[in-house]
Amino acid sequence: MSILKELINDLKENVKKAGYEVETLAIEPSNRRDLGEYQLNDAMQLARTYHENPREIATKIAAVLETDDRFENINIAGPGFINISLSEKYATEIINRMNQDLFSNIDKKEKKKVIIDYGGANVAKALHVGHLRSANIGEAIKRLAKTLGYEVLGDAHLGDYGRPLGLVVLEIQKMYPELPYFDPDYSGNFEELTLPITNEDLEKIYPLASQKAKEDEAYLEEGRIVTTKIQKHERGYYDLWKKVVEISKEDIKKVYDMLHTEFELWLGESDAAAYFDELYKIFDSKGLLVDSQGAKIVELSEEEDKAPIPPLLFVKSNGTMSYETTDLATILQRKKDFNPDEMWYVVDNRQGLHFEQIFRATRKAQLVDDKVALEHIGFGTMNGKDGKPFKTRDGGVMSLKGLIELVKEETLKRINPETVPEDEKDSVATDVAIAALKYADFLPYRETDYVFEVEKFADLEGKTGPYLLYSTIRMKSLLKKAEGIDAKEAKVLPGETEKNIVLTLLELPNVLNKSLESRSLNDIAEYLFNLTSYYNKFYAENKVLTEENKDLQESWIVLTETVYKVNSMLLDILGIKVPEKM
Ligand code: ARG
């Protein structure tokens with residue numbers, strides 16, 4: 001149990017000893033630190049229940065608190081607010097306990113199985129800025145939920161299905177008509193063939209094909225035919241599609257690796273296709289499919305709707321699955337394969353209506369038990385200085401790799417050549433760039449749009465990823481230098497800054513819970529900054545390595561160790577890697 005919760009329980013006991021029963025008791029961090037570190041406001045409520053004067057009640061409770069050596073500076077303010085502070089002895093106990101086991105100050109949640117869908121990269125297309133936020137937020141929420149005791153599975157849910165892939169295969173056919181994939185008489189093994197195409201080629205082929213399809217109806221029609229061939233697993237076309245997916249996936253994996261984003265499942269939209277027939281039967285047998293101009297749709301509107309919800313396109317007029325159907329079939333698949341308690345989708349807010357439709361259709365067809373929660377965890381956009389979604393200088397969609405390069409240009413300038421050897425510079429600059437990007441992405445509440453400001457994100461000072469990395473590396477290096485000193489436990493912590501660190505450490509479980517509940521990392525991001533700033537203040541005020549008072553020195557080292565552990569844990573939750581040097 002977290003320390004504050006334990007403390008609250010003990011305070012309840014103290015109140016009981018004073019002769020009063022309280023069901024819940026709240027201690028608020030005080031904003032008048034000269035009066036006390038925490039405030040207890042329960043005397044007011046008790047006064048109503050017991051028909052007594054609140055100040056008298058407060059006086060009796062305070063008298064009991066005086067006998068508890070964890071508290072000091074106990075005083076009563078106004079009509080009956082009790083102010084308390086934590087004793088130095090208790091502060092050292094807190095540090096020692098957390099240093100031994102951080103989880104002794106974390107409240108675990110009841111175990112739940114959750115599938116988190118937060119990839120969404122599209123095969124044969126470059127990842128873009130939108131995918132960055134899914135990856136950042138999704139990975140961090142996943143790690144947070146796992147830390148708090150959930151069983152979590154992250155799925156990449158690659159966009160590997162549908163017309164874009166048909167167009168890519170068609171364009172490859174136009175470029176290399178002689179490839180065996182298009183030769184009906186070819187009898188060899190397709191898997192042994194190598195394609196004369198790299199991922200960079202693929203990223204150029206799709207925009208080209210998509211442009212042609214826009215300008216040329218006949219080309220578009222050919223693309224549709226190829227798409228259907230792939231979806232029907234037609235020999236040659238299907239095999240080429242598999243090859244394209246393989247090449248592209250390898251590159252997608254590299255980008256996710258760079259972002260420290262690790263999926264447990266690498267499934268894609270195409271994997272849900274096997275569930276399409278079953279899905280169709282369920283919707284059809286429940287009478288949910290309506291004919292509409294050769295297509296099949298599902299009506300979703302309900303009387304209470306304030307804004308109209310358009311029907312869901314279930315089967316397109318050419319007989320193929322829509323984006324919506326791939327998501328519905330995936331729900332069926334996830335239920336069968338994993339039977340989760342919850343399914344979360346970390347996807348851009350601009351797909352809000354899509355998920356509203358999917359969730360409604362799922363409930364209508366009762367694809368999953370009513371108890372299974374479906375949640376769209378939406379987020380805002382990263383904008384340019386013009387307030388519009390971030391673009392390249394010439395107005396195009398910014399690829400994720402391009403964006404990382406842009407930040408890396410800045411972080412490279414700030415790498416210390418005295419500590420980082422030349423041959424490690426590049427990889428360190430990449431880690432720092434990812435930290436800069438990720439931290440800036442987490443600072444605002446997830447649904448808030450924010451502006452991309454590379455100099456600000458990469459700054460070594462201020463609320464930035466690089467500042468946190470730099471400070472955490474410094475803690476680690478201090479601990480390394482102190483290795484020869486036998487520091488086992490904190491014994492004294494006299495300073496005010498040390499106390500602020502302890503009080504901040506006590507907040508850790510609340511911050512983790514709050515972040516999980518809001519599905520937003522902003523509280524953790526702020527907390528990391530506050531804790532690190534307090535620590536840096538402490539670092540500036542004291543000379544740990546040369547301190548002559550051994551008890552004090554030992555206590556400071558243990559304090560440093562504890563903060564270092566918390567920082568490491570939180571940065572890891574955020575998917576931010578701490579390099580050895582920078
Ligand atoms: N591939 C889609 C895109 O790039 C995102 C997929 C989001 N996840 C989902 N289950 N629909 O827009």
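Quantities reported herein were computed from a predicted structural model and do not represent experimental measurements. (Residues numbered from 1 in each chain as written. Predicted model: local features only at pLDDT ≥ 70, side-chain atom pairs only at ≥ 80, totals over all residues. Heavy atoms only, no water.)

1. Section: unusual backbone geometry
Residue H51 is not a glycine yet carries a positive backbone phi of 50°. Assignment of secondary structure puts H51 in the loop between helix 2 (42-50) and helix 3 (54-66). Within the chain, Q293 stands out as a residue other than glycine whose phi angle is a positive 45°. Residue position: Q293 is located in the loop between strand 7 (290-292) and strand 8 (295-298). (Helix = DSSP H or I, 4+ residues; strand = E, 2+ residues; numbered from the N terminus.)

2. Digging into empty space enclosed by the protein
Applying the stated rule across the entire model yields three cavities of 30 Å³ or more. Considered as a void within the structure, the largest cavity measures approximately 70 Å³ in volume. Around the largest cavity, the lining residues are G162, R163, R224, T227, Q231, K316, N318, T320 and M321. Considering each element in turn, the lining of the largest cavity owes the most residues, three residues, to helix 8 (residues 217-231). Here the residues of the lining of the largest cavity sort into one nonpolar, five polar and three charged. (1 Å grid on protein atoms, 1.4 Å probe; cavity = no way out; pocket = protein on both sides within 12 Å on 5 of 7 lines; lining within 4 Å. Points joined across faces, edges and corners; volume = space filled by probe spheres on them. Nonpolar A, V, L, I, M, F, W, Y, C, P; charged D, E, K, R; others polar.)

3. Some details on the packing of helix 8 against helix 9 (residues 237-258)
Their axes nearest at 8 Å, the elements helix 8 and helix 9 cross at an angle of 85°. By the angle between their axes, helix 8 is roughly perpendicular relative to helix 9. In this structure, helix 8 uses V226, K229 and I230 to contact helix 9, whose residues at the interface are Y237, Y238 and W241. For the contact of helix 8 with helix 9, the per-class residue count stands at five nonpolar, no polar and one charged. (Axes fitted to C-alpha atoms, helices over the stretch in contact; angles between N-to-C directions. Parallel < 35°, antiparallel > 145°, perpendicular 65-115°, else oblique. Contact = heavy atoms within 4.5 Å.)

4. As for the nonpolar core
The biggest cluster of nonpolar side chains holds 161 residues, and the ones touching the most others in it are V244, L403, L512 and L570. At twelve residues, the largest contribution of residues to this core is made by helix 20 (residues 550-573). When near neighbours in sequence (up to four residues on either side) are disregarded, L403 contacts V129, L132, M382, F390, M398, L437 and F452. (Core = buried A, V, L, I, M, F, W, Y, C linked by side-chain atoms within 4.5 Å. Buried < 20%, exposed > 50% of the residue type's maximum accessible area, 1.4 Å probe, protein only.)

5. Observations concerning the layout of surface pockets
Estimates place the volume of the largest pocket at around 880 Å³. Taken together, 43 residues line the largest pocket, and the ones lying closest to its centre are G120, N122, H128, H131 and Q351. Mapped by element, the contributors of at least two residues to the lining of the largest pocket are helix 5 (129-147), helix 6 (163-175), helix 11 (323-338) and strand 10 (342-346). For the lining of the largest pocket, the element with the most residues is helix 5, which contributes five residues.

6. A short note on the packing of aromatic side chains
Applying the stated criterion across every chain, the model contains 23 aromatic pairs. Measuring from centroid to centroid gives 5.6 Å for Y467 and F529, while their planes differ by 50°, and the two rings are tilted. Taken as a pair, Y467 in helix 16 (residues 465-481) and F529 in helix 19 (residues 522-541) lie far apart in primary sequence, 62 residues in all. According to the relative accessible area criterion, Y467 is buried, its value standing at 13%. The exposure class assigned to F529 is buried, which follows from its relative accessible area of 17%. Linked through ring pairs, Y118, Y256, F263 and W266 together constitute an aromatic cluster. Taking the ring centre of W266 as reference, the NZ or CZ of K253 above it sits at 4.8 Å. In this arrangement the basic side chain of R474 is found over the ring face of Y539, its NZ or CZ atom lying 4.0 Å from the centre. (Phe/Tyr/Trp six-rings, centres within 6.5 Å; stacked < 30°, edge-to-face > 60°. Lys NZ or Arg CZ within 6 Å of the ring centre and 35° of its normal.)

7. Some points on the site of the ligand
Neighbouring the ligand are D117, G120, N122, H131, H157, Y323, D327, Y345, V347, Q351 and F355. Between the ligand and the protein, one listed contact pairs a nitrogen atom with a side-chain N or O atom of D327 at 2.8 Å. Within the side chain of Q351, an N or O atom sits 3.1 Å from an oxygen atom of the ligand. For the ligand, whose unbound accessible area comes to 350 Å², protein coverage reaches 87%. Given that more than half its atoms are within 2 Å of the pocket grid, the ligand belongs to the largest pocket. When its residues are assigned to classes, the shell around the ligand shows four nonpolar, five polar and two charged. (Near = heavy atom within 4 Å. Polar contact = N/O pair within 3.5 Å; in protein donor to acceptor, adjacent residues only side chain to side chain. Areas by Shrake-Rupley, 256 points an atom, 1.4 Å probe, with all protein chains shown as cover. Sits in = over half its atoms within 2 Å of the grid points.)

8. Concerning the packing of helix 16 against helix 19
Here helix 16 crosses helix 19 at 50°, and the two axes come no closer than 10 Å. Taken together, the axis directions place helix 16 and helix 19 in an arrangement best described as oblique. At the point where helix 16 passes helix 19, the crossing takes the left-handed sense. Seen from helix 16, the contacting residues are Y467, L468, S471, R474, M475 and L478; seen from helix 19, they are L528, F529, T532, S533, Y535, N536 and Y539. Residue composition of the contact of helix 16 with helix 19, grouped by class: eight nonpolar, four polar and one charged. (Left-handed = near helix turned anticlockwise from the far one by under 90°.)

9. Some thoughts on the sheet that holds strand 6 (residues 151-155)
Read across the open sheet, the four strands follow the order 6-5-10-11; overall the sheet is parallel. At either margin of the open sheet sits one strand with a lone partner, and together these are strand 6 and strand 11 (373-377). On average, each strand axis in the sheet is inclined to that of its neighbour by 20°, with strand direction left out of account. (Pairing = 2+ DSSP bridges.)

This is a description of form; function is not addressed.
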